[in-house]
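# Tertiary structure, described
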Amino acid sequence: MSAATATSKSAGPPTHPTYDIKAVIAAALAEDAGDRGDITTLSTIPESTLATATFLAKADGVLAGLAVANMVCEMVDPSLKITWSLQDGDAVQYGVEFGVVSGSARSILVAERICLNFMQRMSGIATATAAMVAAAAGHAAKILDTRKTAPGLRLLDKWAVALGGGTPHRMGLYDMMMIKDNHIAAAGGISQAVAAAEAYIQQHGLDGVQVEVETSNLDQVQQVLDVLASGAAPHVTRVMLDNMTLKDASCPGGVAVSLLKQAVAKIAGKVQTEASGNVTLQSVAEIASSGVDFISVGALTHSVKALDISLNVVTR
């Protein structure tokens, strides 16, 4: 595989105060079963039939979702036995068989599509992330995910990014403040929005919460720096430099990053910097060369190309 192998093989699921992976799996199984169950399998496969099924990679990529498949099989039928020759975060090549599940043929067929749906989506995300991380190699910038995830699959999508070697951004609206353009407009300006955020943090005892402020030009960057210099923004730790790259086919990577570089130089390490916008495999290295600390990429989760994986069943 041309993309780098993921670097976070041991990454477990991200933490979330209310998310329940098993409830998500149960909902997926219930959605599939409806009020009758798998009528095709019930009608064509005798209850006593045993089977062995093999997971096969039909494309190169990075695997993710194997731990979720374990949970699916456990929920469908605890007697199913599943073994893996590779693990979450491993690179896999086309044609490689990397897992086997054995037991009741009926149970395997019920679990099949739900296992594959989770694995294919998560592996697609991990594969795209690994490619993006590899493309930015040689620079200090870390690749971040975003909140642009499938509804109900936030934690699984972000888990897949981590397995692909990416770095998690905030999980949701509750664990980090991100003051974006609409907040700034509604609050009356950057200084007003930051002051309100700092007051809320103090009033609610949220001292561990960090604040990021979005900017789109050098004037806004200066406004953030002015607030920081006043000492009125102790929780502002990062500035987003949004769309400070311009598409330009004559430039390396197809993007002009001069404005981005000016912004990074202006901030001069006072807080972290995050670039956003116009990030592709072709442009990410040039964006990273600006010296930003982070590059956020919504496409990792909102434009997923599933990794092709099949499950081939043989009865015995």
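All of these numbers come straight from a predicted model, not from anything done at the bench.

### Remarks on the sheet that holds strand 3 (residues 81-84)
Here 4 strands make up an open sheet; going across it, the order is 3-5-1-14 and the pairing antiparallel. Only two strands of the sheet have a single partner each, and these edge strands are strand 3 and strand 14 (309-315). The sheet shows a mean angle of 15° between the axes of neighbouring strands, direction not considered. The sheet contact formed by strand 3 and strand 5 (residues 97-104) spans 4 bridges and is antiparallel. Along strand 5, the bridge assignment pairs Ile82 with Val101. Contacts from helix 3 (residues 66-76) reach strand 3 and strand 5, with the element oriented near 170° to strand 3. In the packing of helix 4 (residues 105-135) onto the sheet, contacts are made with strand 1 (50-57), strand 3, strand 5 and strand 14, and the angle to strand 14 comes to roughly 165°.

### Details of the side chain of Ser296
Checked against the element boundaries, Ser296 lands in strand 13 (residues 294-296). Classification of Ser296 by relative accessible area gives buried; the value is 5%. Of the polar contacts made by the side chain of Ser296, one reaches the side chain of Glu274; its length is 2.8 Å. Once you skip the residues sitting within four places of it in the chain, Ser296 turns out to touch Leu144, Asp145, Thr146, Glu274, Ala275, Ser276 and Val279.

### What to know about helix 4
Taking 1.5 Å of rise per residue, the 31 residues of helix 4 would be expected to cover 45 Å, and the 43 Å separating its terminal C-alpha atoms lies within 8% of that figure. In helix 4, a bend of some 35° at Glu112 exceeds every other bend along the element. The N-terminus of helix 4 is capped by Ser104, whose side-chain oxygen sits 3.3 Å from the backbone nitrogen of Arg106.

### Focus: the packing of helix 1 (residues 21-33) against helix 4
A pair of packed helices is characterised by two quantities: the angle between their axes and the separation of those axes. The N-to-C vectors of helix 1 and helix 4 enclose an angle of 130°; their axes lie 10 Å apart at closest approach. Considering their axes alone, helix 1 and helix 4 lie oblique with respect to each other. For the pair helix 1 and helix 4, the crossing hand works out as right-handed. Each of Val24, Ile25, Ala28, Leu29 and Asp32 in helix 1 lies in contact with helix 4, whose residues at this interface are Val110, Arg113, Ile114 and Phe118. Residue composition of the contact of helix 1 with helix 4, grouped by class: 7 nonpolar, no polar and 2 charged.

### A look at the confidence of the model for the chain
When the pLDDT values of the chain are averaged, the result is 95; 97% of them are 70 or greater. With pLDDT under 50 throughout, residues 1-8 is counted as low confidence; its partners more than four residues away or in other chains account for 22 contacts.

### Overview of the pairing of strand 1
In terms of burial, strand 1 is largely enclosed, as 6 of its 8 residues are buried. Two strands pair when backbone bridges link them, and strand 1 and strand 5 are joined in this way by 7 bridges, in the antiparallel orientation. Residue pairing across strands places Thr52 opposite Ser102, the latter belonging to strand 5. With 7 bridges connecting them, strand 1 and strand 14 associate as antiparallel partners. Each residue of the ladder has a partner; that of Phe55, found in strand 14, is Leu311.

### Some words on helix 3
Those residues of helix 3 not exposed but buried are Leu66, Val68, Ala69, Val72 and Cys73. When helix 3 is viewed along its axis, its buried side chains cluster within an angular range of 150° and face the same direction. Along its buried surface, helix 3 packs onto helix 1, strand 3, strand 5, helix 4 and helix 5 (154-163).

Definitions and limits used
Residues numbered from 1 in each chain as written. Predicted model: local features only at pLDDT ≥ 70, side-chain atom pairs only at ≥ 80, totals over all residues. Heavy atoms only, no water. Pairing = 2+ DSSP bridges. Helix = DSSP H or I, 4+ residues; strand = E, 2+ residues; numbered from the N terminus. Axes fitted to C-alpha atoms, helices over the stretch in contact; angles between N-to-C directions. Contact = heavy atoms within 4.5 Å. Buried < 20%, exposed > 50% of the residue type's maximum accessible area, 1.4 Å probe, protein only. Polar contact = N/O pair within 3.5 Å; in protein donor to acceptor, adjacent residues only side chain to side chain. Expected span 1.5 Å × (residues − 1). Bend = angle between axes of the 7 residues up to and from the residue. Parallel < 35°, antiparallel > 145°, perpendicular 65-115°, else oblique. Left-handed = near helix turned anticlockwise from the far one by under 90°. Nonpolar A, V, L, I, M, F, W, Y, C, P; charged D, E, K, R; others polar. pLDDT = per-residue confidence, 0-100. Arc of directions from axis to C-beta.

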